[in-house]
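# Overview (structure and organization)
Chain by chain, the residues run as shown.
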Amino acid sequence: MNWDPLILTFELALTTTLVLLVVGIPLAYWLSKTRTRIKPVLEALVSMPLVLPPTVLGFYFLLAFSPNNAFGAWIDTWLGIPLVFSFAGLVLASVIYSLPFMVQPIQAGLSSLPPSLSEAAATMGKSATTQLFRVLLPNIRKSLLTGIVLSFAHTVGEFGVVLMIGGNIPGKTRVASIAIYDEVEALNYAAANTYSLILFVLTFILLLSVYLVNGGYITRFWK
Amino acid sequence: MIEVRIHKVLRSKGGDFSLDLDLAIPEGKLITLYGPSGSGKTSLLRSLAGLLTPDSGRIARRAQVWFDSQKRADLSPQKRNVGFVFQENALFPNMTVLGNLKFAQSKGSSRELVEELIADMDLQDLRERYPDSLSGGQKQRVSLARALAQKPDILLLDEPLAALDAGMRIKLQEYILSSHRKFELTTVMVSHDLAEIVKLSDFTVVMEKGRIRNTGTPREIFMERRLSGKFQFTGTLLELDREGVIAVASVLIGNHIIRVAAHPSEMQGLRPGDQVVVASKAFNPMIYKVDESL
């Protein structure tokens, strides 16, 4: 039994979720506050990965980051790491692919809070950052948890994007979903079943925990 | 003295309306804003706090300019040192009562003030409680204490007592008045209650449709002109009954249904649902103190 694809999958999901927290919270905060006219355009862009076939996303990534064109070459030398067929490239693609799963719950949570909460904090001399971390985020813990778990689970479940931009390099970009496909192609059903079952059970437990916590069944652990 | 001269077009469901105010707010006084809903009272408070940006005009406190459209100055709410008590209390649900008060303080402020406020507002038993578990009156007490914990120069209260019953109102009025005096604040409060305005305020601003209609002491505005030997209430006619030779009208005034007997000829032309005035000469009214325990 080769555990590498599973370990890689969870490494990727964890890294992606952490990056998404750093990127998604400010983006959701900004979207919930902004009055810019291009807000619908930005919201549509953030939500695109929900409906776009992952292969489309992967295809454009592949084109954009290929060292054969000017932009890809520039990124390559500037970052010092290649973004196609590499773990870093997988993380970047996954961040974009799972962006709506992090941004939407947090934005919805922030918009549902009465504006008077941050206004009260503002009159107390608290900066926007203090308002966000001390007042707003602690009051949308459920939305945060939803965002974190859905982003994680969605990244675990991705296939098309990874296949296009990551390929199938064992130990580097060969995640569980691709390993399953590979094993089936090789008529190796036992191995495919092991990977599948593990993913099935783990994602079920993840989602179950969200519904249990957010449904108030185990509030004593989350107050 | 706080000078306010502002213009702002406000968009609401009922159409746009413009706020045009020119006002000097005396400092150290308790000022009430009075007027029908939609007359711009809350917008004035929010402009003072920096939560609403006027289209044009100037707001200045002593030598400090808070807003000046010509100089493009707009001091942020954070720098105005204004305490704001919201109608819906705006307590932070993730913090205890004590946590709310401590959060309001600026860095390095003394714990003593918080303890003092907790004692003043009778919050000892509620220190570790979360806002969700408090009653309406308790929430507004915490909200008032929290606004005071930041040691504001100016305290703004947006109908803080609107949702409370009579007994709780009277109690909170005392808290507001005593803290206004104790901390030597300039307090600006929105109120719909004439009794409250006369009882609490030194100075009243009457607003209507975004403009100032009248300013002065509450006595000048409400008592002298209206002083008369007559009670007069407006209400809604609920029912008309003939009982023998007299007619009896049931009229809803506020929350009370009053039955008025009259000659049938006086009731002609009245239908249930009409707005009516019930008046009486006050030559021998009964007057007694309200039992607050009721």
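## Some remarks on the sheet that holds strand S4 (residues 56-61) of chain B
Residues and elements named next belong to chain B. The sheet built from 5 strands is open, its strands ordered S2-S1-S4-S5-S6 with antiparallel pairing. Among the strands making up the open sheet, the edge pair consists of strand S2 (15-25) and strand S6 (73-74). As judged from the 11 bridges shared by strand S1 (residues 2-12) and S2, these two strands associate in the antiparallel manner. Among the inter-strand pairings, leucine 10 is bridged to a residue of S2, identified as phenylalanine 17. Sheet strands touched by helix H1 (residues 41-49): S1, S2 and S4. Its angle to S1, the strand with the most contacts, is close to 120°.

## So, the nonpolar core
Within the largest apolar cluster, 108 residues are counted, with the highest numbers of intra-cluster contacts made by Ile165 of chain A together with Ala145 and Leu156 of chain B. Ranked by residue count, the leading element in this core is helix H5 (residues 87-112) of chain A, at 10 residues. Every residue in contact with leucine 156 of chain B, bar those within four places of it in the chain, is listed here: Leu45, Leu48, Ala49, Val82, Gly83, Phe84 and Val188 of chain B.

## Overview of the confidence of the model for chain A
Scored by pLDDT, chain A has a mean of 89; 97% of the residues are at 70 or more. Mean pLDDT values for the elements of chain A range from 80 in helix H4 (residues 70-79) of chain A up to 95 in helix H6 (residues 115-123) of chain A.

## Description of the packing of helix H1 (residues 4-33) of chain A against H5 of chain A
Residue and element names in this part refer to chain A. Where H1 meets H5, the axes come as close as 7 Å, and the angle between the chain directions of the two elements is 45°. Compared by their axis directions, H1 and H5 come out oblique. Read as a crossing pair, H1 and H5 show a hand that is right-handed.

## Considerations on the interface of chain A and chain B
Residue-level contacts link 15 residues of chain A with 17 residues of chain B. Only H6 and helix H7 (128-136) of chain A provide two or more residues apiece to the side of chain A that touches chain B. Per-element tally for the side of chain A that touches chain B: the top contributor is H6 of chain A, with 6 residues. Class assignment for the residues of the side of chain A that touches chain B results in 7 nonpolar, 5 polar and 3 charged.

## Looking at the environment of alanine 120 of chain A
Turning to its location among the elements, alanine 120 of chain A is positioned in helix H6. Separated by 119 residues in the primary sequence, alanine 120 of chain A and methionine 1 of chain A have C-alpha atoms spaced 57 Å apart. With residues up to four places along the chain from it excluded, the contact list for alanine 120 of chain A reads Phe84, Phe86 and Ala90 of chain B.

## Topic: H4 of chain A
In terms of burial, H4 of chain A is a largely surface element, 1 of the 10 residues being buried. Trailing H4 of chain A by a residue or two, glycine 80 of chain A shows a phi angle of about 85°, which is positive.

## Overview of unusual backbone geometry
Positive phi, close to 55°, is recorded for phenylalanine 85 of chain A, a residue that is not glycine. With respect to the helices and strands, the residue phenylalanine 85 of chain A is situated in the loop between H4 and H5.

The rules we used
- Residues numbered from 1 in each chain as written.
- Chains lettered and ligands numbered in written order.
- Predicted model: local features only at pLDDT ≥ 70, side-chain atom pairs only at ≥ 80, totals over all residues.
- Pairing = 2+ DSSP bridges.
- Helix = DSSP H or I, 4+ residues; strand = E, 2+ residues; numbered from the N terminus.
- Contact = placed C-beta atoms within 7 Å.
- Axes fitted to C-alpha atoms, helices over the stretch in contact; angles between N-to-C directions.
- Core = buried A, V, L, I, M, F, W, Y, C linked by C-beta atoms within 7 Å.
- Buried ≥ 20, exposed ≤ 12 C-beta atoms within 10 Å, placed from the backbone.
- pLDDT = per-residue confidence, 0-100.
- Parallel < 35°, antiparallel > 145°, perpendicular 65-115°, else oblique.
- Left-handed = near helix turned anticlockwise from the far one by under 90°.
- Nonpolar A, V, L, I, M, F, W, Y, C, P; charged D, E, K, R; others polar.

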